[in-house]
Amino acid sequence: RSLQVFRQAGIAGLRSSQNSSRYLKVGQELKFARHFSTEDDDEIFDYGSARMNKLHALGEAVFDDKKMMEALSPSTWNNFVKARQEGGRLSKEEENEIAQSMMDWAMDLGAVNFAHWASPVRGPYNLMKHDAFIDIDFKTGQSEITFSGSKLFLGETDGSSFPNGGLRDTHRAAAYLSWDRTSPCFVKGDTLMIPSAFITWNGEALDEKTPLLRSQEAVHEQGKRLLKALGYDSTGIDCNVGWEQEFFFVEKDHFEQRPDLIACGRTLFGAMPSRGQQTDLNYFSNIAPKIKAALEATQEELLRQGVNLLVYHNEVAPGQHEFSPIFTRSAKSADQNILAMEVLYEKSLEYGLIPLYHEKPFAGINGSGKHSNWGLQCASTGRNLFIPGDNAKDQKCFIAIIACLLRAVHLHGDIIRAGCASAGNDHRLGAQEAPPAILSLYLGEGLGKHVENIIAGNSDLEGYEESKKTLSFGTRAVGDIQAAMEDRNRTAPFPWCGNRFELRAVGSEQHFGFAIAVVQAAFADSMQVLADRIEGGQNLQDAVREMLEAHIDAMFNGDGYSSEWQDEVAPSRGLPNLRTTVDALEEFASPKNKEFLERTGVFRHHEVEARQSILLGKYIEVILLEANCFLDMANTGILPACAQDLATYSADPALAGDRAEIYDSLAKEVEKLSAVIDATPHDATDNVLARYCVDVVKPQMESLRVLVDSAERKVDKDIWPFPNYEDLVYAPQRQV
């Protein structure tokens, strides 16, 4: 009877009068029935509280350290922790013990499969292959339920079928996957997901995770040297990221009627409705019921899977939203971001919605980013190194860390820009909604002045301390508050936010692993330089002051949107303005970048070249895909609609106004786009082909768009073949 009522109620937790609460994992009905079989049913059920608060299921579907420690023998657990910290493999017996305990736990949650889950260089689309927890005992011929350490710690696939930049080919295709032990496994649906790194048979990175992990180790090791030079007994520096994922919602029915959304993730044309984002009605406003339900379902599932999804809200543009978790280690955070994007998509479908992750799905309103809040902490104490501290020693350390980051941005701003480069992000960077393509560091007026005083010899390193600004509302009804020590600058690409630096340039559809990997590589490089100088006998004050003075040009605390900064000040300081993805990627594989990336252990020379080839190839494919999609939509939908609309005025041509002229010009621009596509130099190098796309194909698409948007405002709305912006942006807001 207990099991029957449990299933009918459809709940995950039941309250007992004798035990304050028992929360059960989905898929444990049989264990539940056995557990309660001897109890009085009247004591078991409180029918008025049939639904468990979703917070009580936090982390139930993730095999975290606590669950693993409880499941393993002490020796295996201790050796696992040591291997994770120091590298190296476990014994076969220990690997098998971990795999067996993981399978037992996962099967209790209903899992029947496992899958290595990794991030090829293709955006937020992880690879996975579902394998069942079964095998054959070839001695007996019997099937058995099993999961060995060899399957947990090693997966194999065809590397040539993923973006690889020439690192793999059909005749040398082997590639391997292995569990990233810093990112816990979790159950999703009927599958145990194993967050994994992905390399070739030669050990070259085929993914976003491997360079990120390498960069974390570079920061950790160089941080250990620097902190020791600063007088700390530390085991190193850990990096963490808190991401802010922006996206739009559209109705599934409307999505399926727009070939450009299906193929390209963005609208290639669309006239602005009378209301865009004027009057700032959307930001932090009440969330429409249908969207709220989808976000609630997403949050509930992510909490189960160990993603501490803390915030969701409406963003500035109509139809735009954001969610974000609590900070965690960089590689684990990257996994959680991809998982969150996957879960949001799956849950949204249940409500007839599609999330759009493209950086600019609609022209004329804000695009979407993935602000990546980057933090540092002392590995042995957990102290946040981006907080100045309340004593001289910590304040000196803070300024030394700032000097290293200032150098990293000044010398390696080009590669950080390349880390944020994509065809989609080009629509966003430099607009009045996102930072410019010029990399600079915002420190705030107070910290900036302290740095300038150090350079001028008017201040010691210490003196800028952790403090708050008291603000009054001017009414006794509201108490005074303690505000941040520095103001907030949303125009800066990399501002200090009091306890972290926010890389605002990352695009919403990008895997942030690449961007953060190059930031961490550049920072590790600078820590190495400063540690070398101090270990070589240079005075700390002088070493830090010289580094600040040499790289102060990278600090900018003003309006990053201003033409003065972009056209005058930044060029005068020698800061590159790499406006397009092609500009940025041409610099990515420079000798300077190859040298420091290899020295920090993040990429080898030929891996840099391969990554450049992958990213240029993707840019080319995206632009040509958009051009061909636009051409098809114009020829099969837009031009026929224009002709039909014009025919309705045949009896009184004067009423047609300038329709004939607009439609005729549109047809000519369609022909021009067709000719541009036909002239594409497919046999040219990636660099030449990418230049053709950005300099020839893209401008022609923009010219055609101007006329298509004009035509949309003329054609009878019942004739226009595609949902318009008002339908796409506002329909989800109106649905219950």
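Structure's up top.
Chains are numbered independently. Their residues run from 1 in the order of the written sequence. The predicted origin of the model limits local features to residues at a pLDDT of at least 70 and limits the giving and counting of side-chain atom pairs to 80 or more, whereas totals for whole chains, interfaces and linings rest on all residues. Only heavy atoms go into the side-chain values, all of them from the structure, while hydrogens and water stay out.

So, on to the pairing of strand β3 (residues 113-117). Along a regular strand, successive side chains alternate from one face of the sheet to the other. Type-normalised accessible area, obtained with a 1.4 Å probe on protein chains alone, sets the label of each residue: buried when under 20%, exposed when over 50%, and partly exposed for intermediate values. Counting from the N terminus, the helices are DSSP H or I runs at least four residues long and the strands are E runs at least two residues long. With five of five residues buried, β3 lies mostly within the body of the structure. In β3, alternate side chains face the same way, and those of Asn113, Ala115 and Trp117 on one face and Phe114 and His116 on the other are all buried. Bridge analysis of β3 against strand β10 (residues 191-200) gives five bridges, and the strand direction is parallel. Of the residues in β10, the one forming a bridge with Asn113 is Thr191. Pairing between two strands requires that DSSP report at least two bridges joining them.

Here Ala403 shows up in helix α13 (residues 392-419). Separated by 147 residues in sequence, Ala403 and Ala550 place their C-alpha atoms 9.6 Å apart. By the convention used here, residues are in contact when the closest approach between their heavy atoms is within 4.5 Å. Residues in contact with Ala403, not counting those within four places in the same chain, are Val544, Met547 and Leu548.

Throughout this description, the term nonpolar core refers to a set of buried Ala, Val, Leu, Ile, Met, Phe, Trp, Tyr and Cys residues connected via side-chain atoms within 4.5 Å. The biggest cluster of nonpolar side chains holds 154 residues, and the ones touching the most others in it are Trp374, Leu376 and Ile638. Filtering out sequence-adjacent residues up to four positions away, Trp374 remains in contact with Cys239, Asn240, Val241, Phe386, Leu405, Phe494, Arg500, Phe501, Ile516, Val519, Gln520 and Phe523.

A pairing counts as a salt bridge when a side-chain nitrogen of Lys or Arg comes within 4 Å of a carboxyl oxygen of Asp or Glu. Under the definition given, this model contains 42 salt bridges. Close ionic contact of Lys290 with Glu251 constitutes a salt bridge, the shortest N to O distance being 3.0 Å. With Lys290 in helix α11 (residues 289-304) and Glu251 in strand β11 (residues 237-251), the pair connects residues that are 39 residues apart, well separated along the chain. Under the relative-accessibility criterion, Lys290 is labelled buried at 13%. One salt-bridge network, in which partners are shared between bridges, spans Arg407, Asp525, Glu595 and Arg599.

As a further point, take the environment of Leu268. For Leu268, the position within the fold is in the loop between α10 (259-264) and α11. Leu268 sits in the buried class, given a relative accessible area of 3%. With 95 residues separating them along the chain, Leu268 and Ala363 place their C-alpha atoms 8.6 Å apart. Once residues lying within four places of it in the same chain are set aside, the contact partners of Leu268 are Arg258, Asp260, Glu626, Cys629, Phe630, Met701 and Arg705.

Here we take up the packing of aromatic side chains. Any two rings among Phe, Tyr and Trp, with Trp reduced to its six-membered ring, count as a pair given centres within 6.5 Å; such a pair is stacked if its planes are under 30 degrees apart, edge-to-face if over 60, and tilted if neither. Enumeration according to the criterion identifies 30 aromatic pairs in this entry. Measuring from centroid to centroid gives 5.2 Å for Phe133 and Phe147, while their planes differ by 70°, and the two rings are edge-to-face. Of this pair, Phe133 sits in the loop between β4 (131-132) and β5 (134-137) while Phe147 is found in the loop between β6 (142-145) and α7 (149-153), placing the two residues 14 residues apart along the sequence. Ring centres of Phe162 and Phe198 lie 5.3 Å apart, and the angle between their planes is 85°; this geometry places the pair in the edge-to-face category. Taken together, the residues Phe162 in the loop between β7 (155-158) and β8 (174-179) and Phe198 in strand β10 connect sequence positions 36 residues apart. Among the aromatic residues, ring-to-ring pairing joins Trp243, Phe247, Phe249, Phe323 and Tyr357 into one connected group. Criterion for a charge above a ring: Arg CZ or Lys NZ at most 6 Å from the ring centre, at most 35 degrees from the ring normal. In this structure, Arg258 packs its charged tip against the face of Phe269, placed 4.5 Å from the ring centre. Here the guanidinium or amino end of Arg611 rests over the ring plane of Phe514, the centre of that ring lying 5.7 Å away.

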